[in-house]
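The lines below spell out each chain.
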Amino acid sequence: MQRTPLHMIEALSVSSLIDAEALAARRRGFASVHMGTQELTLGALMTLLREEPSWKPPRTAHIGNWEDIAQGRAGAMDFNKTICAWGLGYPLICSFTQTEAEGASGGDSVYLPGSLVGGGRREVLSLFTWDGSRFARRDRQNSFFCPFVMADVDGELTPLNELHWGRMQSLPGFRFTLEAALMLEHGAEMREMLTILLEVAETGDDGQIRFQDLISQSVARDGTVSKRPLQRRGRGYVLSDCFFPTTESLVEHVMLTLEAAAKPRQFFARISELPCRLPLISNVLTRILCAIFTAQRPDSAARTGRAAGPLNLHLHWGARDMAGFPPRRMGYFVSPSKTERMGNVCKALIDHFDEIAPVCFALLPVAVFMLCPTSAHPRDAELLTELFAETLDASGGDATHSPDEALSKVEAVTLDWKARHAAALSPYFLSRFAPRAGVMHPCELPRESEPIEPEGFRDLSLRRACMIVGALTESVAASRL
């Protein structure tokens, strides 16, 4: 029998951290727990996710280059393959990213959507966006909003998102879901929710929900993004230099940006008729909506959209920016300001919609799988087995020490291990821990590889695994200064 959200919370050993009673009574709309701070072992988590396939968590990632990820030769980004190959999650793809800027920081430098990457080689694409009358070639020194970009492919302009999505669909072993398509699938519900939230943001107590919690940015038809805030003017809204006369009008134009991502040819066919700028849904609201639209539901409630039970437990694999590797890096998602904003949005939704359950967000740090080497480097697995045993022996079990003591012991053992074995470890493994490591890996690549689970990996708690990742990341970063 499928576990309920409450049963899953117990299985994750986080019942004491979540006020399930307040959520079930709808006094609160949102709670979160960072599993990277917990004593649950990786083995227990992996077994739970495999025994409960209907609870398989999304692994949020970006549209772009996945070919080397699928081949197991993408360095740090191999964790995406590990999650999918081991049946622990599925890729939920965000396409609201920007092309990488050449010679400057900006855009997505990890998945490199403005390029084609394969076998460690990169082909920089010629990019085009709308200039008011035609698609004009753009300078690669700047970043552009991916859904609004065309790429020159063999002399023909092709929507950039369509180009990457088509390549991604051909990869075996991956079943991608597009965030924008998921929201469009629930378009009627989304329109209603966004309408209510915009009204609450206007009249809420002390401005608890701010417009930027809902509409964070705007994008011009030429693909340039602006962070100038949304403002109310009479019954309408001003966004940069565009005016939307009603809430309904603003909401419909939000839906157009989703269409640009999921149905690009349909969008580009009428780009000349659109306003000079379109509103972009915030990351805060996107995370909440995806949690609601992917809620676990009993068969009897599937048609109504009700979650299974009094709360909606949402398991979610977050990458290095989102979930980090506590305590050295907590990730942006659990910052007090972020969780407060998400709580305000969720409370407004459950107050207005009986069918929406309060959300309990369990954040899983995907960075722990950076500790799983490749089949092309078997010596790494032997050495990591030694490390895992040493950290366990030194700490005597994390629960017996204060967090600071446990961190100090694990990091000391990890750094000593790295100093002793740096020459024996593959450069491929060590380079995973370099800052902002993406699909372009600096080392010699294997033709292909599969992830290896070193002996002792399952015995690590999520907390200890994150400490090891943090120690290796800081050490590798320091060695490159």
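Attention in this report is confined to the structure presented alongside it.

Reading the values: rules and limits
Residues numbered from 1 in each chain as written. Predicted model: local features only at pLDDT ≥ 70, side-chain atom pairs only at ≥ 80, totals over all residues. Heavy atoms only, no water. Patch = residues over 30% accessible without salt bridge, like charges linked within 9 Å, V, L, I, M, F, W, Y side chains within 5 Å. Areas by Shrake-Rupley, 256 points an atom, 1.4 Å probe, with all protein chains shown as cover. Salt bridge = Lys/Arg side-chain N within 4 Å of Asp/Glu carboxyl O. Lys, Arg positive; Asp, Glu negative; His and termini not counted. Charge placed at Lys NZ, Arg CZ, Asp CG, Glu CD. Helix = DSSP H or I, 4+ residues; strand = E, 2+ residues; numbered from the N terminus. Buried < 20%, exposed > 50% of the residue type's maximum accessible area, 1.4 Å probe, protein only. Pairing = 2+ DSSP bridges. Contact = heavy atoms within 4.5 Å. Axes fitted to C-alpha atoms, helices over the stretch in contact; angles between N-to-C directions. 1 Å grid on protein atoms, 1.4 Å probe; cavity = no way out; pocket = protein on both sides within 12 Å on 5 of 7 lines; lining within 4 Å. Points joined across faces, edges and corners; volume = space filled by probe spheres on them. Nonpolar A, V, L, I, M, F, W, Y, C, P; charged D, E, K, R; others polar. Right-handed = clockwise from strand over helix to strand, strands pointing away. Expected span 1.5 Å × (residues − 1). Arc of directions from axis to C-beta.

**Considerations on a negative patch on the surface**
A cluster of like negative charges, contributed by E185, E189, E192, D354 and E355, occupies part of the molecular surface. Within the secondary structure, E189 is located in helix α8 (residues 187-203). Looking at E189, the relative accessible area reads 37%, which means it is partly exposed.

**A short note on the sheet that holds strand β11 (residues 215-220)**
On the basis of which strands lie adjacent, the open sheet formed by 3 strands has the order β12-β11-β16 and antiparallel pairing. Bordering the open sheet on either side are β12 (225-226) and β16 (277-281), each of which pairs with just one other strand. Bridge analysis of β11 against β12 gives 2 bridges, and the strand direction is antiparallel. By the bridge assignment for β12, S218 is matched with S226. On top of the sheet, helix α9 (residues 247-262) reaches β11 and β16; it is set at about 80° to β16, its chief contact.

**Quick look at the pattern of salt bridges**
Counted under the stated rule, the structure contains 26 salt bridges. We note a salt bridge from E474 to R328, for which the minimum N-O separation is 3.9 Å. Remark: R328 occurs in the loop between β17 (312-318) and α12 (336-352) and E474 occurs in helix α16 (residues 462-479); sequence separation between them is 146 residues. Given the relative accessible area of 42%, R328 is considered partly exposed.

**Details of the layout of surface pockets**
Of the volumes computed, that of the largest pocket is approximately 1,300 Å³. Lining the largest pocket are 49 residues, with H62, F96, T97, N283 and Y332 sitting closest to its centre. Listed by contribution, the elements that provide at least two residues to the lining of the largest pocket are β2 (58-62), α7 (179-185), β11, β16, α11 (283-293) and α12. Split by residue class, the lining of the largest pocket holds 23 nonpolar, 14 polar and 12 charged.

**Some details on the pairing of β17**
Of all 7 residues making up β17, 7 are buried, and the element is well covered by its neighbours. Along β17, one buried face is formed by N312, H314, H316 and G318 and the opposite face, lined by L313, L315 and W317, is buried too. By the bridge criterion, 7 bridges tie β17 to strand β18 (residues 359-365) in an arrangement that is parallel. Pairing of H316 across the sheet is with L363, part of β18. Crossover handedness for the path β17 to α12 to β18: right-handed.

**Some points on unusual backbone geometry**
A cis amide bond links P326 with the next residue in sequence, P327, at an omega value of 0°. Although it is not a glycine, L112 adopts a positive phi angle of roughly 45°. With respect to the helices, strands and loops of the structure, L112 is situated in the loop between β3 (90-94) and β4 (115-118). On the basis of relative accessibility, which here comes to 7%, the residue L112 falls in the buried class.

**Points about helix α14 (residues 403-421)**
With 19 residues, α14 extends 27 Å between its outermost C-alpha atoms, agreeing within 8% with the 27 Å of an ideal straight helix rising 1.5 Å per residue. For α14, the set of buried residues is A406, L407, V410, E411, V413, T414, W417, K418 and H421. Down the axis of α14, the buried set is contained in an arc of 165°. They therefore lie on one face. Away from its buried face by more than 90 degrees, α14 exposes D404 and A419.

**So, the pairing of strand β14 (residues 236-239)**
The side chains of a regular strand alternate between the sheet's two faces. Of the two faces of β14, the one lined by G236 and V238 and the one lined by Y237 and L239 are each fully buried. With 4 bridges joining them, strand β13 (residues 230-233) and β14 adopt antiparallel strand pairing. If you follow Q231 over to β14, its bridge partner there is V238. The pairing of β14 with strand β15 (residues 242-244) spans 3 bridges and is antiparallel. The residue bridging L239 from the neighbouring strand is C242, located in β15. Linkage of β14 to β15, two consecutive antiparallel strands, is achieved through a turn of 2 residues, within which S240 is found at a positive phi near 55°.

All we've got here are geometric facts, nothing functional implied.
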